[in-house]
Amino acid sequence: MAATGAGVPNSRIVRWIDYRLPFVKFLQHELNEYPTPRNLTYWWNFGSLAGIMLVIMMVSGIVLAMHYTPQSDMAFDSVERIMRDVNYGWLLRYIHMNGASLFFVVVYIHIFRGLYYGSYKYPRELLWMLGVVILLLMMATAFMGYVLPWGQMSYWGATVITNLFSAIPVVGNKIVTLLWGGYTVSNPTLNRFFSLHYLLPFVIVGVVMLHILALHTHGSNNPLGIDHKGPGDSIPFHPYYTAKDAFGLAVFLLVYAIVVFYAPNFLGDPANYIPANPLQTPDDIVPEWYFLPFYAILRSVPNKLLGVIMLFSSILILFILPWLDTSPVRSAKFRPIYKKIFWLLVISVLVLGYCGAHPPEGWYVIVGRIATFYYFLHFLILLPLIGKLERPRPLPLSIGAAVLDNRQPAAAE
Amino acid sequence: MAQGAQSQVTPANAHAVEGETRRDFLMLTAGALGAIGAISTIWPFVDSLNPAKDTLALSTTEFDMAPIQVGQRLTIAWRGKPVFIAHRTAAEIKEAETVDISTLRDPQKDSDRVKKAEWLVIVGVCTHLGCIPLGQKQGDPRGPYGGWFCPCHGSIYDTSGRRRDGPAPLNLEVPPYQFTSATAVKIG
Amino acid sequence: MAKSLLFAAAALSVLAAGPVRAQETAPSTPAHQHWSFDGVFGTYDRAAAQRGFQVYKEVCSACHPLKHLSFRDLTDLGYTEDQVKGFAAQYEVTDGPNDQGQMYQRPARPSDPWVGPFPNDQAARAANNGALPPDLSLITKAREHGPDYVYAILNGFKEAPKDLKMNPNMYYNEAFPGHQIAMPPPLTADGQVQYADGTKATIPQMAHDVVTFLSWAAEPSLDERHRMGFKVILFLIIAVGVLYATKRKVWSKLH
């Protein structure tokens, strides 16, 4: 019988299982031996952190669901019961609530890493697109999850966002009624949001598996953006990146713990501690911070339908990014012009977030519109043009050469 | 006697050996920290499944039995289960006390099951598979011993709530209770 | 490297701007008070919370319910089981139906939720000129800068400026958004409440104590959270150190 690889117990039981379902051999290859570029920086930790956040959110969510009641008269009270009476209920709730924010922090950093180093380019276009699908599913899950406590922001945020669909011509209002299950956001809405909120994370798990499968087909990108050419360019994932990921995880958990134990309501809105009142709108309806840039884009356009189209376009545009960016060079390290406008994109997203938090009046509207304009300009005009017009810096011969030499890269590509 | 070179710690491999033990120490510490972290993290999740504070607050019930006449029986709720309170007649008490307990499947003296002989407080859940025995209301069958009769599989209990016949293995449970006055009890 | 720092600085500057919640038309951020539960090592001052409970019971509970608390929660403030039974027994709750199918009144038990002054919102409005006195169980979490805000409201009742037209049944308050509040000043005079521990009950003192009580009522788990957080973070700092050393050791094998 075939022996298993290095480091795996070559016992009879393991061989018996592997012969029938090569599970151990699979893990052996994908984790232990899997060749990873030797020059990955800490910006590459965020993928594994995102995976761990998904697990934390699902475990805390499933336990919370054992105590939560998805009925409009009882939902808010059931959450307070969790906070006060359930053993460690406050801890579970704060882990889940702040975990959502940290999940988005990690995923946004992971996305911007991809944007900077060209991880979306050939042959990783599908990997990137699966990632955008994960982002969309996360946004839907988070939106529905926020409705569940049935506070003022839960209710009114749900009202505003579901009303967006009424912008669709002809069938808009029918669709909204279908979503609501009634004449307003009400108990039927809450019930179905709970069901879908429980379901979608399992869909996310499936897409994450595809995402990792796509990744392992060609391996990780790296800060230099050049393909690995020989064994000197790669190292086995274990123990190098398992050790690095473990360290990164510990740092991340430290930040998570500081938030959960000492500032658990910092990222939230006090208005959500007021039970939902369909007859009174809060002074300002503000989504959670991770939706703010998109919210600002929506409000930049004075036309309802166009605003909705712009909102969805701002995410859908990411799907076609691999084809919008025409540069043959992956990493921004070697793209002097792209490097600069990347930071303009970051700034415009931060500005959009800031505008999204404020009422759409005065300067906030003007600045928001400028930032929205830049966002779309960046993807639709600048990326195609810069790819063609930019003169990239010469690429190093190989990863190994660049790392070992530690000098300026030698010949041009 | 020549020893293998590997068994001697030369200056060349001393650093490597020391490095190995330091790495082992680090790995061990990291592993131990991971284990402690994992277990400490799992505990709150598991403990959240234990009864919450509001459930625990309902774990005692107080009840004044004064309105129950001699010979009457009443059912009250305690921790979501029925509790049978029987104000026993002298005949019922005598019957309960004169049984030869060596004949019982679950031997227990009547005096071990009551605090005051006239008041029997037992949990009305059959010890076979959990049905509620009949015998509390007027006209209910009480079985041949004048106690209770379980309709599900035919278990029979006497006037002390002890199992006399049928598939039940044990006597009806006596909940923890105290008298807070001549007739008032606190159960649980 | 410089780029990463720049990015981090950009992100931090946004966060440091404070929770980016739109301000309501509040005059300004309420003055910051010192609370025993402030900061990483903060805990609820039990003595202040007990005094605050007395203020709530004698002043506020006439109009404001506290529905998310149960009487048994008071043991957390240092009251004994018997004292809590005594508090509870002062209130009546509706129970039933009994065997005749009727609802009946009985004295409250520690396991019962707090009994509010009104049976429902409509009764509350009817008794208060159409205004609804909010439930106070979460008030310090449901307002921006909650504890400071509630304190400012309680101390903020002043004479209305001459040029401001007050609506009927409204009172002028410096801290309330729009400056017109439907609540009449609840704390009107020093010594309004006779504290059981003998502390002098000035208006700022009563306000301070009742805010401490209400902050506890909104978040009873704060003490446990701070204690646990300290241990968790200490553990994680050690873990970060050990795992960093491990990472360096593992990577030193390369060249």
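Note that this is a predicted model, so its numbers are computed, not measured.

Draft legend 1. Just the overall build of chain A, in detail. A tally of helices and strands in chain A yields 16 helices and 2 strands. A globule of 413 residues ought to have a C-alpha radius of gyration of about 22 Å, and chain A, at 24 Å, matches this closely. Viewed in the frame of its principal axes, chain A has a C-alpha envelope of about 70 × 60 × 45 Å. Each of the 413 residues in chain A was classed as buried or not, and the buried ones make up 42%. The long-range share in chain A, meaning contacts at least 24 apart out of those at least 6 apart in sequence, stands at 74%.

Draft legend 2. Representation of the overall build of chain C within the structure. A count of helices and strands for chain C gives 7 helices and 4 strands. Counting from the amino terminus, helix and strand elements in chain C follow one another as α-α-α-β-β-α-α-β-β-α-α. Residue pairs in contact within chain C that sit at least 24 positions apart in sequence constitute 61% of those at least 6 positions apart.

Draft legend 3. Inspection of the nonpolar core at higher detail. Grouped together as the largest cluster of nonpolar side chains are 112 residues, with contacts concentrated most on F103 and V106 of chain A together with L214 of chain C. Broken down by element, the residue count for this core peaks at 13 residues, all from helix α5 (residues 89-117) of chain A. Among all residues touching F103 of chain A, those that are not within four sequence positions of it are A50, M53 and M57 of chain A. Formed by 20 residues, the second largest nonpolar core is a distinct cluster that contains V83, L120, I122 and C126 of chain B.

Draft legend 4. Just the interface of chain B and chain C, in detail. The partner chain C presents 11 residues to the 11 residues of chain B that form the contact. Secondary structure elements with two or more residues in the side of chain B that touches chain C: α1 (11-47) and α2 (53-57) of chain B. The leading source of residues in the side of chain B that touches chain C is α1 of chain B, at 8 residues. Grouping the constituent residues of the side of chain B that touches chain C by class yields 6 nonpolar, 2 polar and 3 charged.

Draft legend 5. Up close: the sheet that holds strand β3 (residues 81-87) of chain B. Residue and element names in this part refer to chain B. Strand order in the open sheet formed by 3 strands is β2-β3-β4, and the pairing between neighbours is antiparallel. In this open sheet, the two edge strands, each paired with only one partner strand, are β2 (73-78) and β4 (119-123). Direction aside, neighbouring strands of the sheet carry axes that sit 25 degrees apart on average. Examined bridge by bridge, β2 and β3 share 6 bridges and lie antiparallel to one another. Bridging from a neighbouring strand, I76 pairs with V83 of β3.

Draft legend 6. Layout of the packing of helix α11 (residues 292-300) of chain A against helix α15 (residues 363-389) of chain A. Residue and element names in this part refer to chain A. Closest axis-to-axis distance for the α11/α15 pair is 9 Å, and the angle between their directions is 105 degrees. Between α11 and α15, the angle falls in the class roughly perpendicular. Between α11, through A296, I297, R299 and S300, and α15, the contact on the second element is made entirely by G368, R369, T372 and Y375. Of the residues contributing to the contact of α11 with α15, the split by class is 3 nonpolar, 3 polar and 2 charged.

Draft legend 7. Layout of the interface of chain A and chain C. At the interface, 36 residues of chain A touch 35 residues of chain C. It is helix α10 (residues 237-262) of chain A that provides the largest number of residues to the side of chain A that touches chain C, a total of 14 residues. Broken down by class, the residue content of the side of chain A that touches chain C amounts to 27 nonpolar, 3 polar and 6 charged.

Draft legend 8. Up close: the sheet that holds strand β7 (residues 163-165) of chain B. Residues and elements named next belong to chain B. Ordered in space as β5-β6-β7, the 3 strands form an open sheet in which the pairing is antiparallel. Edge positions in the sheet fall to β5 (146-149) and β7, since each of these pairs with one other strand and no more. Across the sheet, the mean angle separating the axes of adjacent strands is 40 degrees when strand polarity is ignored. Of the pairings in the sheet, the one linking strand β6 (residues 156-158) to β7 comprises 2 bridges and is antiparallel in character.

Draft legend 9. Highlighting the environment of Q28 of chain A. Residues and elements named next belong to chain A. Position of Q28 among the secondary structure elements: in helix α2 (residues 23-33). On the basis of neighbour count, Q28 is assigned to the buried category, with 20 C-beta atoms found within 10 Å. For Q28 and Y94, which are 66 residues apart along the polypeptide, the C-alpha to C-alpha distance reads 36 Å.

Draft legend 10. A look at the packing of helix α6 (residues 125-147) of chain A against helix α9 (residues 187-218) of chain A. Residue and element names in this part refer to chain A. α9 packs onto α6 with a crossing angle of 160 degrees between their chain directions and a minimal axis gap of 9 Å. As far as their axial angle goes, α9 and α6 are roughly antiparallel. Where α6 crosses over α9, the two elements pack in a sense that is left-handed. Each residue belonging to the contact of α6 with α9 can be placed in one class, and the counts come to 22 nonpolar, 5 polar and no charged.

Draft legend 11. Geometry of the environment of K94 of chain B. Residues and elements named next belong to chain B. As for its position among the elements, K94 is in helix α3 (residues 90-97). Of the residues examined, K94 has 13 C-beta atoms within 10 Å and is grouped as partly exposed. Counting along the chain gives 23 residues from K94 to A117, while the straight-line C-alpha distance between them is 9.7 Å.

Draft legend 12. Representation of unusual backbone geometry within the structure. Note that the residue after Y122 of chain A, namely P123 of chain A, is joined by a cis bond; omega there is -5 degrees. You will see that H179 of chain C, though not glycine, has its phi angle at about 65 degrees, which is positive. Its place among the elements puts H179 of chain C in the loop between β3 (171-172) and β4 (180-181).

Draft legend 13. Representation of the environment of K339 of chain A. Along the chain, K339 of chain A falls in helix α14 (residues 336-356). Residues K339 of chain A and Y117 of chain A, spaced 222 residues apart in sequence, show a C-alpha to C-alpha distance of 9.7 Å.

Draft legend 14. Expanded view of the confidence of the model for chain C. Residues and elements named next belong to chain C. Averaged over all residues, the pLDDT of chain C is 89; the fraction at 70 or higher stands at 89%. Helix α6 (residues 203-218) holds the highest mean pLDDT among the elements of chain C, 97, whereas helix α1 (residues 2-16) holds the lowest, 52. Overall, residues 16-26 carries pLDDT values under 50, and its contacts beyond four positions in sequence, including any with other chains, amount to 19 contacts.

Draft legend 15. Representation of helix α5 (residues 146-155) of chain C within the structure. All names here are of chain C. The element α5 is largely enclosed, with a buried count of 9 among its 10 residues. Within α5 the residues assigned to the buried category are G146, P147, Y149, V150, Y151, A152, I153, L154 and N155. Here the buried face of α5 lies against α6.

Cut-offs used in this document
Residues numbered from 1 in each chain as written. Chains lettered and ligands numbered in written order. Predicted model: local features only at pLDDT ≥ 70, side-chain atom pairs only at ≥ 80, totals over all residues. Helix = DSSP H or I, 4+ residues; strand = E, 2+ residues; numbered from the N terminus. Rg over C-alpha atoms; globule rule 2.2 N^0.38 Å. Buried ≥ 20, exposed ≤ 12 C-beta atoms within 10 Å, placed from the backbone. Contact = placed C-beta atoms within 7 Å. Core = buried A, V, L, I, M, F, W, Y, C linked by C-beta atoms within 7 Å. Nonpolar A, V, L, I, M, F, W, Y, C, P; charged D, E, K, R; others polar. Pairing = 2+ DSSP bridges. Axes fitted to C-alpha atoms, helices over the stretch in contact; angles between N-to-C directions. Parallel < 35°, antiparallel > 145°, perpendicular 65-115°, else oblique. Left-handed = near helix turned anticlockwise from the far one by under 90°. pLDDT = per-residue confidence, 0-100.

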